[in-house]
Amino acid sequence: MPGEEDQATGPAGLDRRKFLGLAAAGAGVMFMKPELAFGTAANSAVRVGLLGCGLRGTEDASNLVDTGGARVVALGDLFQDQLDAGRAHFDKIQQEKGYAALDGSQLFVGPDAYRRMAASKEVDAIVIATPPYYHLGHLETVVAAGKHVYVEKPVAVDVPGALKVVEIGKRAERKLSLDVGFQIRDCPPFVEMVKRIHGGALGTIVCGEAHYLTGYPDRAARTNGSPHELRLRNWLYDRALSGDIILEQNIHVIDICNWILQSHPLKASASGGRKGRPVDGDVYGNYNVLFQYPNDVDVTFSSTQFAKGWWDVTERFFGTKGTSQSPYTGPLGIWGDEPWQWTGAGASTTEPQNFSGAGKFTSNLELADREKKKAFVESITSGNFHNQADKGAESAISCMLAREAAYQRREITWDEIMKSKEVYDPKIDLNRLK
């Protein structure tokens with residue numbers, strides 16, 4: 001459910017030490033508001049508002065309900081049909097748990113839905129799953145209203161916006177939980193693998209390669225509606241609204257590379273283009289990137305968003321003691337002097353599953369959403385608040401580094417991209433869609 005916030009700029013000269021200075025994993029325990037004294041009854045569960053009732057937002061909020069510690073009490077969307085679909089879905093799954101149907105007073109539609117939801121006294125936490133261009137304005141409003149927040153990736157579509165998210169994170173620190181939708185960082189097989197890598201299981205990492213290869217995200221064709229409405233409904237195809245595929249989709253893989261290497265890339269060269277895609281907007285259909293990380297570690301990355309009959313999402317790192325591999329589906333582990341392979345829930349399947357546009361996977365990601373949402377709820381109920389704003393911004397800027405290198409067909413450094421003043425603007429007046 002987009003909003004009309006302007007994207008304010010942040011401190012472009014922020015160095016890495018300051019950039020990573022926020023408490024990424026949660027800070028000290030603070031007193032909780034009286035209305036957040038949670039008990040065991042349904043009515044004392046964390047009360048969640050969902051802003052953006054599309055595929056991913058519905059999946060996020062459903063996962064929060066499935067943890068047993070949250071209840072969706074409010075919905076907001078720009079479009080009435082999306083809101084109606086969300087209401088029907090959550091009434092069904094929550095009534096099966098003995099929860100009451102959604103109150104009509106907590107259903108918000110239109111350009112100001114996010115403001116009204118943020119102001120609601122019935123809501124403790126808000127899931128932001130709107131088109132990425134609007135994440136910054138919605139996040140700022142929600143944090144200012146004192147609500148815990150789960151914001152989907154990416155946190156922003158341009159560098160000034162990402163740096164502003166870091167500043168918003170500082171306002172939330174030790175007061176609220178601010179989680180970013182990198183659910184793989186809570187996924188047990190990935191957590192265990194990265195722990196072993198950081199413990200030296202690969203020895204000295206020499207290089208890596210990663211890819212995010214998927215088909216075209218086909219959506220039901222719509223012929224009614226103004227050009228701006230159609231852009232908003234099909235924001236995945238729109239560069240200004242989504243930030244392009246390397247930021248909106250491929251960010252998961254680049255975030256894992258940053259996590260494993262405990263750093264961001266220092267520079268990138270890249271190419272890409274729209275070849276292979278249908279006529280569907282202005283985002284790219286493929287990227288090929290060479291990232292250079294500290295200690296002369298080169299990581300190659302490639303992506304497609306048009307390929308037919310095949311998909312694969314994987315990271316591999318090669319070190320002096322072994323090799324790691326971490327696919328969405330297939331063998332995940334470390335091979336070499338200190339071998340280890342994941343054998344728990346969702347371990348290697350013989351047949352790959354279909355790709356999920358909603359992010360609902362089994363195999364190696366089977367536990368990802370559950371553990372991520374469980375951790376978010378527990379951070380709120382315990383008072384050990386999360387603050388993931390800096391990691392969300394760092395991985396977003398890493399993707400922007402590659403995006404701009406591909407657009408400009410030249411090598412770009414981290415220091416250069418951090419000085420970017422370019423602000424994306426879809427030029428859509430949400431109050432005049434018809």
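Our structure's up above, just so we're on the same page.
Every chain's residues receive numbers from 1 upward, in the order its sequence appears when written. Confidence filtering applies because this is a predicted model: local features only for residues at pLDDT of at least 70, side-chain atom pairs given and counted only at 80 or more, and all residues used for totals across whole chains, interfaces and linings. Side-chain numbers come from the whole structure's heavy atoms, not from hydrogens or water.

Engineer: Teacher, can you tell me more about the side chain of T304 here?
Structural biologist: Secondary structure elements follow DSSP: runs of H or I no shorter than four residues count as helices, runs of E no shorter than two count as strands, and numbering proceeds from the N terminus. For T304, the location among the structural elements is in strand β10 (residues 297-306). Each residue gets one of three labels from its accessible area relative to the maximum for its type: buried under 20%, exposed over 50%, partly exposed in between, using a 1.4 Å probe on protein chains only. Taking relative accessible area as the criterion, T304 reaches 15% and is therefore assigned buried.

Engineer: What's the story with the packing of aromatic side chains in this structure? I'm lost.
Structural biologist: How two aromatic rings sit relative to each other is given by the distance of their centres and the angle of their planes. Aromatic contacts are taken between Phe, Tyr and Trp rings whose centres are within 6.5 Å, Trp giving its six-membered ring; a plane angle under 30 degrees counts as stacked, one over 60 as edge-to-face, and the others as tilted. According to the stated counting rule, one finds eight aromatic pairs in the structure shown. Their ring planes at 35° and their centres at 5.1 Å tell us that Y284 and Y287 sit as a pair that is tilted. For Y284, a relative accessible area of 11% puts it in the buried group. For Y287, a relative accessible area of 0% puts it in the buried group. Relative to Y407, the ring of Y284 has its centre 5.3 Å away and its plane inclined at 70°; by these criteria the two rings are edge-to-face. Note that Y284 is positioned in the loop between β8 (267-273) and β9 (286-293) and Y407 in helix α13 (residues 389-408), a separation of 123 residues in sequence. Ring-pair connections join several aromatic residues into one group, and the members of that group are Y212, W311 and Y328. Either the NZ atom of lysine or the CZ atom of arginine qualifies as a charge over a ring when it sits within 6 Å of the ring centre and within 35 degrees of the ring normal. Above the face of the Y99 ring, R71 is positioned so that its terminal group lies 6.0 Å from the ring centre. Here R233 stacks its cationic end above the ring of F79, 3.9 Å away from the centre of that ring.

Engineer: How do you make sense of the side chain of T58 when you look at a structure like this?
Structural biologist: Mapped onto the elements, T58 comes out in helix α2 (residues 55-66). Among the polar contacts made by the side chain of T58, one reaches the main-chain carbonyl oxygen of C53 at a distance of 3.4 Å. Two residues form a contact once any of their heavy atoms are found within 4.5 Å. Setting aside residues no more than four positions away along its own chain, T58 makes contact with L50, C53, H89 and F90. Polar contact is the term for a pair of N or O atoms within 3.5 Å; when the atoms are in protein, one must be able to donate a hydrogen and the other to accept it, and sequence-neighboring residues count only if both atoms are side-chain atoms.

Engineer: I would appreciate a short explanation of the environment of V313 in the present structure.
Structural biologist: Among the structural elements, V313 can be located in strand β11 (residues 312-319). Between the C-alpha atoms of V313 and Y328, which are 15 residues apart in sequence, the distance is 5.7 Å. If sequence neighbours within four positions are ignored, V313 has contacts with H211, Y212, V253, S326, P327 and Y328.

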